[in-house]
Amino acid sequence: MNRTKKTVAAILFGCLATSASAVEAQDTLVIEEANKVKIETRDTVQRIVISGMKNDPEFHYVQRISIPDSSAVRRSIVSVRDFNKTNILKKKNENSKWDTSGRLSLGLNTMVDAPDDYDFKLWPALEIGIGMNHNWHPFGKQNEWSIGWGINWHHYCLDDDKYFTKDAQNMITLTPYPAGPEDRRTSMNTFSLQLPLGYTHYFDKKHKWSLGLGVIVNWNVYGKANRNYTLNDEDYDIGTRHIGQMPFTFDGVIYVDVPYLPKLYCKYSPSKFFRESRGPEMHQLSFGICLE
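The structure presented is a predicted model; accordingly, all values stated were derived computationally and were not measured. (Residues numbered from 1 in each chain as written. Predicted model: local features only at pLDDT ≥ 70, side-chain atom pairs only at ≥ 80, totals over all residues. Heavy atoms only, no water.)

Turning to the overall build of the protein chain, a few remarks are in order. On a plain count of helices and strands, the protein chain comes out with two helices and 15 strands. Buried positions account for 33% of the 292 residues belonging to the protein chain. Here the analysis covers contacts within the protein chain between residues at least 6 apart in sequence; of these, 58% occur between residues at least 24 apart. About 19,200 Å² of surface is accessible on the protein chain, with carbon and sulfur atoms providing 57% of the total. (Helix = DSSP H or I, 4+ residues; strand = E, 2+ residues; numbered from the N terminus. Buried < 20%, exposed > 50% of the residue type's maximum accessible area, 1.4 Å probe, protein only. Contact = heavy atoms within 4.5 Å. Areas by Shrake-Rupley, 256 points an atom, 1.4 Å probe, with all protein chains shown as cover.)

As structure tokens, this is what we get:
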């Protein structure tokens, strides 16, 4: 009889232990190699969404937790990559985002609307610009407003039959080369500080298709005209400073970004290049690629 009681007690204890173990196992959910984990935290609610897992890309798990006290929520960031993916903005700014990107532009430039005897060449008339953009996404990643800063260098090339000179009134004019000089090259260089403002619309989530419009304010701090030639086996490099460029100009620019190509840009300045009575009326035009 005692042996029977002990046997029944052992069976009951084993059942209770098995039941307790089963309950404890049900409280633990192990998900290996989750494809995507999204955690949304509001004032009193936290929502966890897990999409896909190892060997089951269709797996979907959602858990909603009530938080009586928002101060009870703690967040641990392990790496810089995790920090970049964590939204730490306040609720009223949760859709806003700022980021910063570098910019390098390489292109060709020329002058348009110049007098007929000003024959500018595209090569090797280079434009090089570098800078930084601060980008704002107030309504999602597909709409981007930006402001930035940069520096820009223009190198303009003219046909080799004339060169720039400055007359008695400090006006820039063209003078034909005399007979004799060889390897003649006529160029003009400017250096500017820039303030770009722009808007870009992305047509896809991966930012492979986009169209951008902008205005660039230029502070033209330096300008120089050069002529280079060889005469009697001697090389000459003669420069003319203070050419009278406009101190401030602005450019209208359009950007186009498509897959498998760098971002393309075209830039035109409605501002005159020279100050009044310092040179002929002409306007800058450039185009090339922009790397960000």
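This next bit is on a nonpolar patch on the surface. There is a patch of nonpolar side chains on the surface, built from Trp-98, Trp-136, Phe-139, Trp-145, Ile-147, Leu-195, Leu-197, Val-215, Val-217 and Phe-250 and spanning about 960 Å² of accessible area. The set of elements that each furnish at least two residues to the nonpolar patch consists of strand E7 (143-158), strand E10 (182-202) and strand E11 (210-231). Checked against the element boundaries, Val-217 lands in strand E11. (Patch = residues over 30% accessible without salt bridge, like charges linked within 9 Å, V, L, I, M, F, W, Y side chains within 5 Å. Salt bridge = Lys/Arg side-chain N within 4 Å of Asp/Glu carboxyl O.)

Before going further, it helps to examine the sheet that holds strand E2 (residues 45-53). Pairing in this open sheet of three strands is antiparallel, and the strands run E1-E2-E3 from one edge to the other. Each having just a single partner strand, strand E1 (36-41) and strand E3 (56-66) make up the two edges of the open sheet. Put simply, the sheet's adjacent strands are angled 10 degrees from each other on average, direction ignored. Examined bridge by bridge, E1 and E2 share six bridges and lie antiparallel to one another. Residue pairing in the sheet places Lys-38 in a bridge with Val-49 of E2. (Pairing = 2+ DSSP bridges. Axes fitted to C-alpha atoms, helices over the stretch in contact; angles between N-to-C directions.)

By the alternation rule, side chains of strand E13 (residues 248-257) split into Thr-249, Asp-251, Val-253, Tyr-255 and Asp-257, which are all buried, and Phe-248, Phe-250, Gly-252, Ile-254 and Val-256, of which none is buried. Bridge analysis of E11 against E13 gives 10 bridges, and the strand direction is antiparallel. Residue pairing for E13: Ser-210 is matched across the bridge by Asp-257. Where E13 hands over to strand E14 (residues 263-268), the hairpin turn is made up of five residues, of which Tyr-260 adopts a positive phi near 70 degrees.

Turning next to the confidence of the model for the protein chain. Detailed reading of the predicted model is not advised wherever pLDDT is low. Across the protein chain, the average pLDDT comes to 83, with 80% of residues at 70 or higher. The lowest-confidence element of the protein chain is helix H2 (residues 80-84), averaging 43 in pLDDT; the highest-confidence one is E13, averaging 98. Contacts of residues 15-25 to residues separated by more than four positions or lying in other chains number zero contacts, the stretch itself having pLDDT below 50. Confidence over residues 80-95 falls short of pLDDT 50; this stretch has 15 contacts with residues more than four positions distant or in other chains. (pLDDT = per-residue confidence, 0-100.)

On the surface, Glu-182, Asp-183, Asp-233, Glu-234 and Asp-235 cluster together to form a negatively charged patch. By relative accessible area, Glu-182 is classed as exposed at 52%. (Lys, Arg positive; Asp, Glu negative; His and termini not counted. Charge placed at Lys NZ, Arg CZ, Asp CG, Glu CD.)

Each regular strand carries side chains that alternate between the two faces of the sheet. The pairing of strand E8 (residues 162-166) with strand E9 (residues 172-176) spans five bridges and is antiparallel. Across the sheet, the residue bridging to Lys-166 is Ile-172, located in E9. Here E8 hands over to E9 after five residues, with Asn-170 in that stretch at a positive phi of 60 degrees.

The geometry of two aromatic rings is summed up by the distance between their centres and the angle between their planes. Summed over all chains, the structure comprises 13 aromatic pairs. Summarising the aromatic geometry, the rings of Trp-98 and Trp-136 are spaced 5.9 Å apart at their centres and angled 15 degrees between planes, so their arrangement reads as stacked. Within this pair, whereas Trp-98 is found in strand E4 (residues 98-112), its partner Trp-136 is found in strand E6 (residues 126-136), the two being separated by 38 residues in sequence. Members of the aromatic cluster, connected to one another through ring pairs, are Tyr-118, Phe-120, Tyr-156, Phe-164, Phe-273 and Phe-274. Between Lys-263 and the ring centre of Tyr-255, over which it is positioned, the NZ or CZ distance is 5.7 Å. (Phe/Tyr/Trp six-rings, centres within 6.5 Å; stacked < 30°, edge-to-face > 60°. Lys NZ or Arg CZ within 6 Å of the ring centre and 35° of its normal.)

Tallying each qualifying case throughout the model produces five salt bridges. The closest approach of N and O atoms between Asp-161 and Lys-162, which form a salt bridge, is 3.3 Å. Among the ionic pairs, Lys-263 bridges to Glu-292, the shortest N-O distance being 3.1 Å. On the criterion of sequence distance, the pair formed by Lys-263 in strand E14 and Glu-292 in the segment after strand E15 (283-291) is long-range, its members being 29 residues apart. Its relative accessible area of 9% is what places Lys-263 among the buried residues. The class for Glu-292 is exposed, based on a relative accessible area of 54%.

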